[in-house]
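The chain contents come next:
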Amino acid sequence: MRQAMGTTHSPRSDTRARIVAVSLELFSEQGYEQTSLREIADRLGVTKAALYYHFKTKDDIVHGIVESMAAPIDETIEWGRQQPWTPELRDELIRRFAAGMSERAPLLRFFHENQPALRESPAGLEFKERMIAMVRLVHGPDASFQDRLRAAMSLFTINSAMFLLKQDEAGTDHVDHMWHESPQATVEEAMAAAREVALEIGALIDRPVPAPAEA
């Protein structure tokens, strides 16, 4: 009975997931602004009317992409807000964020490659708010500007890994020869390295936690 009714694996949710996946492919190949709804429908093998049933505009598709990408971030934020700040919490927040983004590497790449188009879009602004919340949880209360910066850089390390991968794929003919011998990492290797560096940066946020006031 439950299967007949459908839950998270209903045909509608599966179709939405397929639209998001195909849209990501086209956005990565051509860019967000250069891709039309007609091209997305053609790649899917459906009519524009069928596509409209799930997403009316490209912005709606991006919102679907953000929802998919933000799921582990939302879970981490909700969990982190229930914990007192400690260095152990700081590290666990970074690990959970890195794990969630590693599982969604194509989505992270989409954000990196289409930043100008997304910067002021509703979906982009929603994702920005989530990132601000994550940064605040990582550095904790009463943080100095230096620690706030360290928290931001620790999380942005994941984005930076995708930037380096993109440069590797684009080729290095224009770069000095000494860089040519650097081995190109896989996505998995890049994400593992990003997590390691993010934790190294985060470890610099290590200030004493105020003791409770005496009665």
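Quick notes on the rules
- Residues numbered from 1 in each chain as written.
- Predicted model: local features only at pLDDT ≥ 70, side-chain atom pairs only at ≥ 80, totals over all residues.
- Heavy atoms only, no water.
- Salt bridge = Lys/Arg side-chain N within 4 Å of Asp/Glu carboxyl O.
- Helix = DSSP H or I, 4+ residues; strand = E, 2+ residues; numbered from the N terminus.
- Buried < 20%, exposed > 50% of the residue type's maximum accessible area, 1.4 Å probe, protein only.
- Phe/Tyr/Trp six-rings, centres within 6.5 Å; stacked < 30°, edge-to-face > 60°.
- Lys NZ or Arg CZ within 6 Å of the ring centre and 35° of its normal.
- Polar contact = N/O pair within 3.5 Å; in protein donor to acceptor, adjacent residues only side chain to side chain.

Caption draft 1: Structural view of the pattern of salt bridges. One pass over the full model with this rule turns up eight salt bridges. E92 serves as the salt-bridge partner of R95, at 3.7 Å between the closest nitrogen and oxygen. Taken together, the positions of R95 and E92, both in helix α6 (residues 87–102) and three residues apart, correspond to about one turn of that helix. Since its relative accessible area comes to 26%, E92 is described here as partly exposed. We note a salt bridge from D147 to R150, for which the minimum N-O separation is 2.8 Å.

Caption draft 2: The arrangement of the packing of aromatic side chains in detail. In this structure the tally under the stated criterion is one aromatic pair. Ring centres of F27 and Y32 lie 5.2 Å apart, and the angle between their planes is 65 degrees; this geometry places the pair in the edge-to-face category. Given a relative accessible area of 9%, Y32 falls into the buried group. Lying across the ring of W79, R96 places its NZ or CZ 3.8 Å from the centre.

Caption draft 3: Structural detail: the side chain of D147. Mapped onto the secondary structure, D147 falls in helix α10 (residues 145–170). D147 sits in the buried class, given a relative accessible area of 6%. At 2.8 Å, the side chain of D147 forms a polar contact with the side chain of R150.

Caption draft 4: Structural context of the environment of L164. Along the chain, L164 falls in helix α10. Judged by its relative accessible area of 53%, L164 falls in the exposed class. Between the C-alpha atoms of L164 and Q184, which are 20 residues apart in sequence, the distance is 9.3 Å.

Caption draft 5: Region of interest: unusual backbone geometry. Here D142, not a glycine, exhibits a phi torsion of approximately 55 degrees, which is positive. Looking at where D142 falls in the secondary structure, it is placed in the loop between α9 (122–139) and α10. By relative accessible area, which is 77% here, D142 ends up exposed.

None of the figures reported here should be taken as evidence of function without further support.
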